[in-house]
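A look at the structure
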Amino acid sequence: MIERRSFGRVSFLALNYIVLAVFALTCLFPILHMLAMSFSSNSAVTAGWVTIWPRGFNLSSYQYILDNPAFKSAFLVSVERVVLGVAINMLLTILAAYPLSKSNNRFRYRTAYSWFFVVTMIFNGGLIPTFMMVKQTGLMDSIWALIIPSAVNVFNIILMLNFFRTLPHELDESAMIDGAGNWRTLWSIYLPISKPSIATILLFSVIMHWNSWFDGLIYMNSPSHYPLQTYLQTVIVSHSLDNMSTSDLSVLNSISDRTVMSAQLFISILPILCIYPFLQRYFVQGLTLGSVKG
């Protein structure tokens with residue numbers, strides 16, 4: 001028997017679809033506008049003719065970026081930071097969350113260690129002590145200054161910890177009966193069934209490292225060591241003029257600084273746009289980590 005929906009129900013669903021569609025278009029419009037500007041001519045952008053469709057289509061801005069060693073260097077620094085930073089984040093998160101998810105009988109003083117982590121979310125030393133620590137440890141102007149201070153993310157540890165707690169205790173018992181230790185239980189049993197939590201934390205870590213710009217600004221003495229977002233921030237603030245050579249300025253006769261910045265910004269968000277669809281199916285489930293299950 002086919003269920004017939006009432007007029008009120010159909011109206012409610014239609015209104016929801018309309019509101020969500022408008023919201024999605026509102027979020028999508030800036031990206032499309034930026035993409036259209038990056039493919040448009042200098043005159044069209046200056047005249048304000050560009051909306052979401054390129055006018056005077058050309059690839060000059062992207063050609064300029066590919067020939068710009070500063071942009072390529074910053075892009076490679078960001079890639080290196082993401083690869084090293086995410087790997088360290090995930091390793092430390094898993095190694096901290098697994099023992100903290102056990103009971104006090106299995107891990108003595110677990111509560112004390114848990115509070116040790118939680119307190120850092122409420123109280124922290126601040127910018128100046130962190131800067132002094134990075135400087136005194138000799139990390140200034142190196143890739144490790146961008147990775148080590150944020151290597152342990154307590155929020156991610158709590159997410160992973162709560163997910164581990166939702167797993168049946170019988171998994172531990174059966175593994176112990178078969179002679180598996182904690183390491184074998186973690187890597188062979190827990191991690192393969194923890195894809196939602198791992199995917200969620202992986203996405204958080206990638207976005208955090210890729211989008212960070214302030215730490216590169218204060219920890220890097222040389223602009224050649226800037227990550228991509230720090231480089232783009234300095235370019236946008238200075239309107240692309242202070243960081244350009246004489247040859248670069250001559251190129252602006254055929255392209256606009258706005259088209260170049262639009263192309264740079266679009267390239268900077270492209271990796272996230274490529275990664276997100278593969279992790280999206282785990283994202284909703286990962287956001288409900290630690291929820292009550294029936």
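Residues numbered from 1 in each chain as written. Predicted model: local features only at pLDDT ≥ 70, side-chain atom pairs only at ≥ 80, totals over all residues. Heavy atoms only, no water.

For the rest of this paragraph, the subject is the confidence of the model for the protein. Interpretation of this model should avoid reading the predicted coordinates in detail wherever pLDDT is low. When pLDDT is averaged along the protein, the result is 83, and 86% of the positions lie at 70 or above. The secondary structure element of the protein with the lowest average pLDDT is helix α13 (residues 246-251), at 55, and the one with the highest is helix α4 (residues 69-100), at 93. (pLDDT = per-residue confidence, 0-100. Helix = DSSP H or I, 4+ residues; strand = E, 2+ residues; numbered from the N terminus.)

One pass over the full model with this rule turns up three salt bridges. With a shortest N-O distance of 2.6 Å, Arg-81 and Asp-215 are connected by a salt bridge. Here Arg-81 is found in helix α4, whereas its partner Asp-215 is found in helix α11 (residues 214-219), with 134 residues between them in sequence. Both residues of the pair, Arg-81 and Asp-215, count as buried. (Salt bridge = Lys/Arg side-chain N within 4 Å of Asp/Glu carboxyl O. Buried < 20%, exposed > 50% of the residue type's maximum accessible area, 1.4 Å probe, protein only.)

By the element assignment, Trp-213 lies in the loop between α10 (195-211) and α11. Distance from Trp-213 to Leu-146, taken between C-alpha atoms, is 9.6 Å for residues 67 residues apart in sequence.

So, on to the environment of Gly-56. Looking at the element boundaries, Gly-56 is found in the loop between α2 (42-47) and α3 (60-66). For Gly-56 and Phe-39, which are 17 residues apart along the polypeptide, the C-alpha to C-alpha distance reads 7.8 Å.

This part takes up unusual backbone geometry. Excluding glycine, residues mostly have negative phi values, and the peptide bonds linking residues are mostly trans. Backbone geometry places Tyr-109, a non-glycine residue, at a positive phi of 65°. Looking at where Tyr-109 falls in the secondary structure, it is placed in the loop between α4 and α5 (110-122). Overall, Tyr-109 belongs to the exposed group, its relative accessible area being 57%.

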